[in-house]
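Summary of the model geometry
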Amino acid sequence: MNKVQIASQLEISRVVLGIWRLLDWNMTDQQLLTYLKQSIEAGVTTFDHADIYGDYECEAGFGKALQLEPSLRSQMQLITKCGIKLKSSKFPDRRVKYYDYSKEYIIQQAEQSLKNLKTDYIDVLLLHRPSPFFNPAEVAAAFDELKTSGKVNHLGVSNFTPVQFESLQSYLNEPLVTNQIEISPAQLEHFQNGNLNYLIEKRVSPMAWSPLAGGSLLQPKNEKSKNIHDAIARVAMQIEETDLSKVIYAWTLMHPSHIIPVIGTGKIERLKTAVAALETTMSLEQWFDIYTASLGTEVA
Amino acid sequence: MNKVQIASQLEISRVVLGIWRLLDWNMTDQQLLTYLKQSIEAGVTTFDHADIYGDYECEAGFGKALQLEPSLRSQMQLITKCGIKLKSSKFPDRRVKYYDYSKEYIIQQAEQSLKNLKTDYIDVLLLHRPSPFFNPAEVAAAFDELKTSGKVNHLGVSNFTPVQFESLQSYLNEPLVTNQIEISPAQLEHFQNGNLNYLIEKRVSPMAWSPLAGGSLLQPKNEKSKNIHDAIARVAMQIEETDLSKVIYAWTLMHPSHIIPVIGTGKIERLKTAVAALETTMSLEQWFDIYTASLGTEVA
Amino acid sequence: MNKVQIASQLEISRVVLGIWRLLDWNMTDQQLLTYLKQSIEAGVTTFDHADIYGDYECEAGFGKALQLEPSLRSQMQLITKCGIKLKSSKFPDRRVKYYDYSKEYIIQQAEQSLKNLKTDYIDVLLLHRPSPFFNPAEVAAAFDELKTSGKVNHLGVSNFTPVQFESLQSYLNEPLVTNQIEISPAQLEHFQNGNLNYLIEKRVSPMAWSPLAGGSLLQPKNEKSKNIHDAIARVAMQIEETDLSKVIYAWTLMHPSHIIPVIGTGKIERLKTAVAALETTMSLEQWFDIYTASLGTEVA
């Protein structure tokens, strides 16, 4: 399968497996290990985590499976995120959900992720969300320390705007490697607000979270979703494809910004569908048929 | 009349004649030729086209007139646009209006424009609208080929935001020469969203489409237009000018960003009015009287 | 008290005294002189003016006090602003409030400020508001002349967006030294629109006007203000602080962009409260408690 080179020393897979719903998959450690091997076999070698997924438990679940066969690590690229502090029964004193990008907290969470994931390095650490209280100099100091110690190899962001990206970048010695943002036929925001233009300018490949819009496009519950669904179904028929999710993935994958979808499935067939979508082609007119169905009007 | 140097090798006229309503002018080829000569005589030497104007027919109508006296070409600057694919009886298979900035399509349309316009070069090719599916590297490749072959001398854009402009520019070997945007006393968007600030920063002269707001300011049909009309009439009286359209053109022409209005008229008197507006002066207070009438409130 | 170096040759105080309400203070020249000395004694050595404050009268009121003891000038940094033309009984012919950033008007107003303030130099001249009719080349020419003649040492802006800041900066030979914007727990705009990110990127310290939101947070009159007030009171109790305004100042002062609050008080106790807030600390969670109370929802 295609790889994407997102840094001079890092290739990730063109489709990424998202681990945020791991607890819902109800797998034993052995089952998860098997799944991860199937994923790698299918060409999906990059796994997307966050410290907070599953109320702070997903990373550790993944680590337990990896521990059963540690040699698998060398075939993987691990992404995780930090910065959000959830209200959680694990932190009974926390009254407010907030963001923490202090040097101390970034390092603490990265080290915790290493422990959880049973690994000694993270390929890419993402700052989970932009914060109104954000000191890029401190982030840079934290990353320098993590990089020097070999604990984190690359830094990226998630849900950042261009000005936020640019501001942080100006404090760093090496390029941010990605911006993970929400992109799907139901979420056109970043096609419209300049974020994808900006990432194309900076030669940075975006990652897309929720590329299926949480399933809402396959089982539409409102007028807008219904219209998008119908356009997807129309294109599917035209290109003789029966699996609508494959059409959605193809719609994302063909975009010139090289969008890397994060697929949150526990089923290997669905993951293979996403991979197969790399071979699915639709015309530019078909791409816009889906786009304008979501826009609710034809383009200007 | 004033010229504007928009590239090291290109001067255009300070007022541009827009050809988008050519079919409404109901001119014979000979009448159009006469009109073009009158326009040039009046100092308006630059003509603004798009492949799609008049359901893809305006360029060819212009070309037929030019063919009657090909030597006129050397006194003209021709601008045209590409990228929009209209739903049209000429393209019965097209189901969706969309944008196409593939290398192949840009070159195809530029070459078609050359045939239509009966010329062997286009002075400025504009990308008609920003697209959510946009690959600046491909645009750059198309332009390089068109430039090398002498078919297109300069590239510009229309309706782009600063981030879209900047993203495309980063892939090009030479500067974009303009951004043609909607500007009029009824359309203040680009005074407010940073686009004019950005173009001033980049030393790029904007072109203004619909500078009279489609006539809505001369015959106002709603409260807002009525208020703007009244302010224009007030200023007209103060500066002892009876032609309100001349006041509107002057309002546009005096802006420090060097706005180049595109006038879509088929009447030489009206075109001359726009040219004469270059000599019309109003005070800064009068400029703001019109601006704030449109804003609906005084400035902060 | 802390100083902030906002230019290679200029330090201002971490808290600034705003003079816009001078006429409400009802002080004699001697009382004002005493107040200014108390302010300097407290570490607040920077005074923020505008030509238009007090319907064009505040600068002169300040100047009269300063004239009583001219040697005080060397311990002060004076900031003033220009560009807004008010409707005023002093300008009976003016029909419209508008902005004027012509070279002539900038120089005229700066020179008038010198006369009013009874000083021979202004430390920082701010452009009061962005204007839809704005020629940065002309601003640059005006500032060059004022700088060369020793009348104005530094240039800054107020209420500018990033693109407006960047556009002006591109025409200047030296860095803009600040952007004075509205920031308070009731006004989160610049935390959200990229302006603070941009200023952090450019290593420019923002100044904050209306840091107490005009007192509306201390005596809340609507639901939103009530919620913010309650969060401030909650944090005050947690950090064992009884003065809510001190908590608000601390909230502003701790932000990593080095926000410099402009305090518009005529009471030395209140000014000292703002200075004392530099020693007040709250946790990041408490900062977000106030932020999210204003946001009306927890962070994403």
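The structure under discussion appears in the preceding block.
Residues numbered from 1 in each chain as written. Chains lettered and ligands numbered in written order. Predicted model: local features only at pLDDT ≥ 70, side-chain atom pairs only at ≥ 80, totals over all residues. Heavy atoms only, no water.

Turning next to the pairing of strand 9 (residues 152–158) of chain A. Residue and element names in this part refer to chain A. Here strand 9 lies mainly inside the structure; six of its seven residues are buried. Note: strand 8 (residues 122–127) against strand 9, five bridges, orientation parallel. Its bridge partner lying in strand 9, Leu-126 is registered against Gly-156. With helix 6 (residues 136–148) bridging strand 8 and its parallel neighbour strand 9, the resulting β-α-β unit is right-handed. Pairing of strand 9 with strand 10 (residues 179–182), which is carried by two bridges, proceeds in the parallel orientation. Counterpart to Ser-158 in the pairing with strand 10 is Gln-180. (Buried < 20%, exposed > 50% of the residue type's maximum accessible area, 1.4 Å probe, protein only. Helix = DSSP H or I, 4+ residues; strand = E, 2+ residues; numbered from the N terminus. Pairing = 2+ DSSP bridges. Right-handed = clockwise from strand over helix to strand, strands pointing away.)

What follows covers helix 2 (residues 29–41) of chain A. Residues and elements named next belong to chain A. Here helix 2 spans 18 Å end to end across 13 residues, near enough to the 18 Å set by a 1.5 Å rise per residue. Turning to helix 2, its buried residues are Leu-32, Leu-33, Tyr-35, Leu-36, Ser-39 and Ile-40. Buried residues of helix 2, viewed axially, fall in a sector of 160°; they line one side. The elements touched by buried residues of helix 2 are strand 3 (16–18), helix 1 (22–25), strand 4 (46–48), helix 4 (58–68) and helix 12 (268–276). Of the residues one or two after helix 2, Gly-43 is the one with positive phi, at around 100°. (Expected span 1.5 Å × (residues − 1). Arc of directions from axis to C-beta. Contact = heavy atoms within 4.5 Å.)

This part covers the sheet that holds strand 10 (residues 179–182) of chain B. All names here are of chain B. Reading around the barrel, the eight strands line up as 3-4-5-8-9-10-11-12 and close back on themselves, with parallel pairing between neighbours. Each strand of the sheet is rotated relative to its neighbour by a mean of 30°, with strand direction disregarded. Two strands pair when backbone bridges link them, and strand 10 and strand 11 (residues 207–209) are joined in this way by three bridges, in the parallel orientation. The partner of Ile-181 across the bridge, within strand 11, is Ala-208. (Axes fitted to C-alpha atoms, helices over the stretch in contact; angles between N-to-C directions.)

Attention now moves to the side chain of Asn-159 of chain C. Mapped onto the elements of the fold, Asn-159 of chain C is located in the loop between strand 9 (152–158) and helix 7 (162–169). Filtering out sequence-adjacent residues up to four positions away, Asn-159 of chain C remains in contact with His-128, Arg-129, Pro-130, Gln-164, Asn-179, Gln-180, Ile-181, Glu-182 and Trp-209 of chain C.

Attention now goes to the relation of the copies chain A and chain C. The transform that puts chain A on chain C rotates by 120° and translates by 0.0 Å along the axis, for an RMSD of 0.0 Å. Here the copies are linked by what is in effect a three-fold axis. Minimal C-alpha distance to the rotation axis in chain A is attained by Val-163 of chain A, lying at 6.0 Å. (Least-squares fit on C-alpha atoms with pLDDT ≥ 70 in both.)

Inspection of the entire model under this criterion finds three cavities of 30 Å³ or more. Volume-wise, the largest cavity comes out at about 60 Å³. In this structure, the largest cavity is lined by Ser-131, Pro-132, Phe-133 and Phe-134 of chain A together with His-190, Phe-191, Leu-196, Asn-197, Ile-200 and His-255 of chain C. Elements with a minimum of two residues in the lining of the largest cavity: helix 8 (189–192) and helix 9 (195–201) of chain C. With three residues, the top contributor of residues to the lining of the largest cavity is helix 9 of chain C. Grouping the constituent residues of the lining of the largest cavity by class yields six nonpolar, four polar and no charged. (1 Å grid on protein atoms, 1.4 Å probe; cavity = no way out; pocket = protein on both sides within 12 Å on 5 of 7 lines; lining within 4 Å. Points joined across faces, edges and corners; volume = space filled by probe spheres on them. Nonpolar A, V, L, I, M, F, W, Y, C, P; charged D, E, K, R; others polar.)

Under the counting rule described, the total for this entry stands at 51 aromatic pairs over all chains. Between the aromatic rings of Tyr-98 of chain A and Phe-288 of chain C, the centroid separation amounts to 5.8 Å while the plane-to-plane angle is 40°, which identifies the pairing as tilted. With Tyr-98 of chain A in strand 7 (residues 98–99) and Phe-288 of chain C in helix 13 (residues 284–295), this pair bridges two chains. For the pair shown, Tyr-98 of chain A and Phe-288 of chain C are each scored as buried. On the numbers, 5.5 Å between centres and 75° between planes, the contact of Phe-165 of chain C with Tyr-198 of chain C is edge-to-face. Of this pair, Phe-165 of chain C sits in helix 7 while Tyr-198 of chain C sits in helix 9, placing them 33 residues apart in sequence. For Phe-165 of chain C, a relative accessible area of 2% translates into the label buried. Tyr-198 of chain C sits in the buried class, given a relative accessible area of 5%. Put simply, the rings of Tyr-98, Tyr-99 and Phe-133 of chain A together with Phe-191, Trp-251, Trp-287, Phe-288 and Tyr-291 of chain C touch in pairs and so form one group of aromatic residues. Across the ring face of Tyr-105 of chain A, the terminal group of Lys-85 of chain A is positioned such that the distance to the ring centre comes to 4.2 Å. The side chain of Arg-94 of chain B reaches across the aromatic face of Phe-91 of chain B, ending 4.1 Å from its centre. (Phe/Tyr/Trp six-rings, centres within 6.5 Å; stacked < 30°, edge-to-face > 60°. Lys NZ or Arg CZ within 6 Å of the ring centre and 35° of its normal.)

Estimated volume of the largest pocket: approximately 1200 Å³. Around the largest pocket, the lining comprises 42 residues; the ones closest to its centre are Pro-162 of chain A, Pro-162, Val-163 and Asn-193 of chain B together with Val-163 of chain C. At the level of secondary structure, the elements contributing two or more residues to the lining of the largest pocket comprise helix 7 (162–169) and helix 9 (195–201) of chain A, helix 7 (162–169), helix 8 (189–192) and helix 9 (195–201) of chain B together with helix 7 and helix 9 of chain C. Its residues assigned to classes, the lining of the largest pocket comprises eleven nonpolar, 19 polar and twelve charged. Elements represented by at least two residues in the lining of the second largest pocket include exactly helix 11 (244–253), strand 12 (260–263) and helix 12 (268–276) of chain C. For the lining of the second largest pocket, the class distribution of residues is ten nonpolar, twelve polar and seven charged.

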